[in-house]
Each structure stands twice: as structure tokens, then as C-alpha cells.
Amino acid sequence: MNKKSEQELNIFLEEWKEDNSNNKETFLHFKEYLGKQEGVILDFIARPGVTYSLRAVHADQKEKDLFVMVDVIEDASRWLSICFYGDMITDPEEKGDFVPGGLLGEDAVCFDLEEQDDTLLRYIEARLNEARTNAAP
């Protein structure tokens, strides 16, 4: 992650007051999980009042700008939306929502987390692994 993005992310995290949803903890889990994957480069894009996006791309990825976007959505309370390009993952248990044009103008599958859900978290981790593998074949 470049210095500017890292600084913006650190400021965002410092200002994020955790609530009972544990979404900050879940966001940090995904950041750490992605950051430990070989060849993965993270970026952070803040759009205050709208979304805060953690984006992951594989260093060898050629066709798309990322393989996953972990968004913190600003609402009455903050919640997470983890989106993948629809052609980069499977969703065998149909836990995600198909969103036409939902990820940088392309069809997406998104998983929304309004509160900590360890079962869904593990399911999303499997999708992260799948997308990372498909990003740089």
C-alpha cells in the first residue's frame, strides 16, 4: 500500500468508533487476511460519508484493476459489503447478491455483513482465495 493510502486508512481506523456489530474487527480481519497473501497489493480509497474501500489486486493481475473490494458503507451504522467480479468466483451456497454493473461497471457478487458472522466470514475467505487465484492464472 502506498504511504498516502496507508495514512488515510490509519486515520479512518483511528476515528472509527466500534459498536456492537464488530464490523471494525471484521474489516481489520479482512485487511490482515488479504495483506498476508503472497502477491497481493492493497489500496485504500476514502469517500467520506459514502464508502471507504479496501481494494486488493494481485501483482500479476492483467485484466482487471482488482479482485475484491471490501467496502465500509456509511449508514445509520457502518456495515461491510465485500464485492467480487461475478466471473472470478463461484457462490455455491448462493449467499451473495448478484449486482449487475456493481463493481466498477461490471457484474458483481457482493456479500453484505451488518454484524459479525463467523460462518459467513469463513465462506467469504474461500471466495477471496478463489478470486486471488483467478486474478493471476
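Criteria and thresholds
- Residues numbered from 1 in each chain as written.
- Predicted model: local features only at pLDDT ≥ 70, side-chain atom pairs only at ≥ 80, totals over all residues.
- Heavy atoms only, no water.
- Helix = DSSP H or I, 4+ residues; strand = E, 2+ residues; numbered from the N terminus.
- Rg over C-alpha atoms; globule rule 2.2 N^0.38 Å.
- Buried < 20%, exposed > 50% of the residue type's maximum accessible area, 1.4 Å probe, protein only.
- Contact = heavy atoms within 4.5 Å.
- Areas by Shrake-Rupley, 256 points an atom, 1.4 Å probe, with all protein chains shown as cover.
- Core = buried A, V, L, I, M, F, W, Y, C linked by side-chain atoms within 4.5 Å.
- Pairing = 2+ DSSP bridges.
- Salt bridge = Lys/Arg side-chain N within 4 Å of Asp/Glu carboxyl O.
- Expected span 1.5 Å × (residues − 1).
- Arc of directions from axis to C-beta.

### Side note on the overall build of the protein chain
In step 1: When helices and strands are counted, the protein chain shows 3 helices and 6 strands.
In step 2: Going from N to C terminus, the protein chain has its helices and strands arranged as α-α-β-β-β-β-β-β-α.
In step 3: Rg of the C-alpha trace for the protein chain: 14 Å, near the compact-globule value of 14 Å for 137 residues, within the 12% margin.
In step 4: Burial statistics for the protein chain: of 137 residues in total, 45% are counted as buried.
In step 5: Here the contacts in the protein chain between residues at least 6 apart in sequence split such that 48% fall between residues at least 24 apart.
In step 6: Counting every atom, the protein chain has about 7,500 Å² of accessible surface; 44% of that belongs to carbon and sulfur.

### Section: the nonpolar core
In step 1: If you look at the biggest cluster of nonpolar residues, it comprises 40 residues, and the most contacted ones within it are F12, F27, F67, V68, I82, F84 and I124.
In step 2: Listing elements by their share of this core, those giving two or more residues are α1 (3–15), α2 (23–35), β1 (40–47), β2 (51–58), β3 (68–73), β4 (79–85), β6 (106–113) and α3 (118–135).
In step 3: Setting aside residues no more than four positions away along its own chain, F27 makes contact with L9, F12, L13, W16, F44, L54, V70, V72 and L80.

### Here we look at the environment of E115
In step 1: For E115, the position within the fold is in the loop between β6 and α3.
In step 2: Each C-alpha atom, one on E115 and one on A126, is 19 Å from the other, the two residues being 11 residues apart in sequence.
In step 3: For E115, the contacting residues outside a window of four places in its chain are S21 and N23.

### Some details on the pairing of β3
In step 1: Counting buried positions along β3 yields 6 of 6 residues, so the element is predominantly enclosed.
In step 2: Of the strand pairs in this sheet, β2 and β3 are connected by 6 bridges, and their pairing is antiparallel. Bridge pairing in β3 links S53 to D71.
In step 3: Bridge analysis of β3 against β4 gives 5 bridges, and the strand direction is antiparallel.

### Quick word on the pattern of salt bridges
In step 1: Tallied over the entire structure, the rule returns 7 salt bridges.
In step 2: The shortest N-O distance in the salt bridge between E125 and R122 comes to 3.0 Å. Of this pair, E125 and R122 both sit in helix α3, 3 residues apart, which is roughly one turn of that helix.
In step 3: Of the residues examined, R122 reaches a relative accessible area of 46% and is grouped as partly exposed.
In step 4: Here E130 and R127 are joined by a salt bridge, their closest N and O atoms 3.2 Å apart. On the criterion of helical spacing, the pair formed by E130 and R127 is a turn pair, its members being 3 residues apart in helix α3.
In step 5: With a relative accessible area of 18%, E130 lands in the buried category.
In step 6: On the basis of relative accessible area, R127 is assigned to the buried category, the value being 9%.
In step 7: In the salt-bridge network here, residues are joined through shared partners; they are K64, D87 and E106.

### Topic: α1
In step 1: Helix length check: α1 (13 residues) gives 18 Å between terminal C-alpha atoms against 18 Å at 1.5 Å per residue, within 8%.
In step 2: Among the residues of α1, those classed as buried are S5, L9, F12 and L13. The arc enclosing the buried residues of α1, seen along the axis, measures out at 95 degrees, which places them on a common side. Exposed positions of α1 whose direction lies more than 90 degrees from the buried face are K3, K4, Q7, E14 and E15.
In step 3: Elements that come into contact with the buried residues of α1 comprise α2, β1, β2 and β3.

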